[in-house]
Amino acid sequence: MDKYANSIATRYDKLSGQDCCLSCGGAFSLATIKPGDVCVDLGCGKGRDVMRMATLAGKKGFAYGIDLSEGMMEASRQEAKKLGLTNVAFIRSPLENIKLENQVADVLISNCTINHSLSQDKVWKEIFRVLKQGGQFVVSDIYSLEPVPEPFRGNPDMVAECWAGAITKKTYLNHIKQAGLRNIDIVEESLPYEKGRIRVASFTVKGCR
Ligand SMILES: C[S@@+](CC[C@H](N)C(=O)[O-])C[C@H]1O[C@@H](n2cnc3c(N)ncnc32)[C@H](O)[C@@H]1O
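Residues numbered from 1 in each chain as written. Predicted model: local features only at pLDDT ≥ 70, side-chain atom pairs only at ≥ 80, totals over all residues.

**Student:** Quick rundown of the environment of Glu96? Include the residues and the values.
**Tutor:** Within the secondary structure, Glu96 sits in the loop between β3 (88-92) and β4 (105-111). Note: C-alpha distance between Glu96 and Gln178 (82 residues apart in sequence) is 15 Å. If sequence neighbours within four positions are ignored, Glu96 has contacts with Ser117, Ser119, Lys122, Val123 and Glu126. (Helix = DSSP H or I, 4+ residues; strand = E, 2+ residues; numbered from the N terminus. Contact = placed C-beta atoms within 7 Å.)

In structure tokens, the structure reads:
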């Protein structure tokens, strides 16, 4: 793991043992999940949305949670066991190299996670790779109003705090287009607000392969 992945895993391993809300968006509620669907949540944290997707996808469907933090993956596995869910798997994996086969997913969601990556272009190429033809993505995240100054982007702890890795809206949407995804639509967007040492906005983007 590089120093950024280390800081992210350390921060979220700690948070996995605490009762706190991690989310900044509502990707799950804007996704359409049908019985039999294979679903993926990138940066699933404690797996709450993975379990909700698994319930909607039913016994013939499946839901994968992907996260860098082993603490989060273990907390998710324990919760799924308590709920008796057998159609879920929690995989420790970086977003930039997702440990899933090509074209497995009907639905892919992600909440407040992709901003942690300094290679967001790679993450979007991975999203394209794991989606089936026609598969949908719904991603909630933040973007920065201005390019984030290098001293912040270069600081792994600030990136792990969910703000210093943010990129501008133009660059964000460009990565999605460059990955080959289609029907890209911003379905929610906040007013700008302060996060860490910068100004950001939250948005939810939908589209398909
Ligand atoms: C702010 S939390 C959001 C968790 C969950 N999506 C929610 O809404 O409650 C971000 C999650 O993304 C994971 N994460 C951050 N960067 C990652 C990366 N490069 N690869 C895989 N997981 C990552 C973190 O470990 C953490 O669990």
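**Student:** Any details on the pairing of strand β5 (residues 131-144)? Residues and values, ideally.
**Tutor:** Among the 14 residues in β5, eleven count as buried, and that is most of the element. Note that β4 and β5 share six bridges and pair parallel. Within the sheet, the bridge partner assigned to Asn111 lies in β5 and is Ser140. The parallel pair β4 and β5 is bridged by helix α5 (residues 120-130), and the resulting crossover is right-handed. In terms of strand pairing, β5 meets strand β8 (residues 198-208) through nine bridges, oriented antiparallel. From the neighbouring strand, Asp141 faces β8, where its bridge partner is Phe203. (Buried ≥ 20, exposed ≤ 12 C-beta atoms within 10 Å, placed from the backbone. Pairing = 2+ DSSP bridges. Right-handed = clockwise from strand over helix to strand, strands pointing away.)

**Student:** Run through the nonpolar core, naming residues and quoting values.
**Tutor:** Ranked by internal contacts, the top residues of the largest apolar core, which has 61 residues, are Cys39, Ala63 and Leu108. Among the elements that make up this core, the one with the highest residue count is β5 (six residues). (Core = buried A, V, L, I, M, F, W, Y, C linked by C-beta atoms within 7 Å.)

**Student:** So what about unusual backbone geometry? Which residues, and what values?
**Tutor:** Positive phi, close to 80 degrees, is recorded for Cys162, a residue that is not glycine. Here Cys162 is to be found in the loop between α7 (156-160) and α8 (169-178). With a phi close to 50 degrees, Asn183 is a non-glycine residue in the positive phi region. Looking at the element boundaries, Asn183 is found in strand β6 (residues 182-189). Look at Asn183 and you get exposed, because 10 C-beta atoms sit within 10 Å.

**Student:** Requested: an account of helix α1 (residues 3-15), with residues and values cited.
**Tutor:** Between its terminal C-alpha atoms α1 stretches 18 Å, which fits the 18 Å expected from 13 residues at 1.5 Å a residue. Among the residues making up α1, those that are buried are Tyr4, Ile8, Ala9 and Tyr12. Along α1, the residues classed as buried sweep out an arc of 125 degrees about the axis, all on the same side. Residues Lys3 and Lys14 are exposed on α1 and point more than 90 degrees away from its buried face. Next to the buried residues of α1 lie α4 (70-83) and α7. (Expected span 1.5 Å × (residues − 1). Arc of directions from axis to C-beta.)

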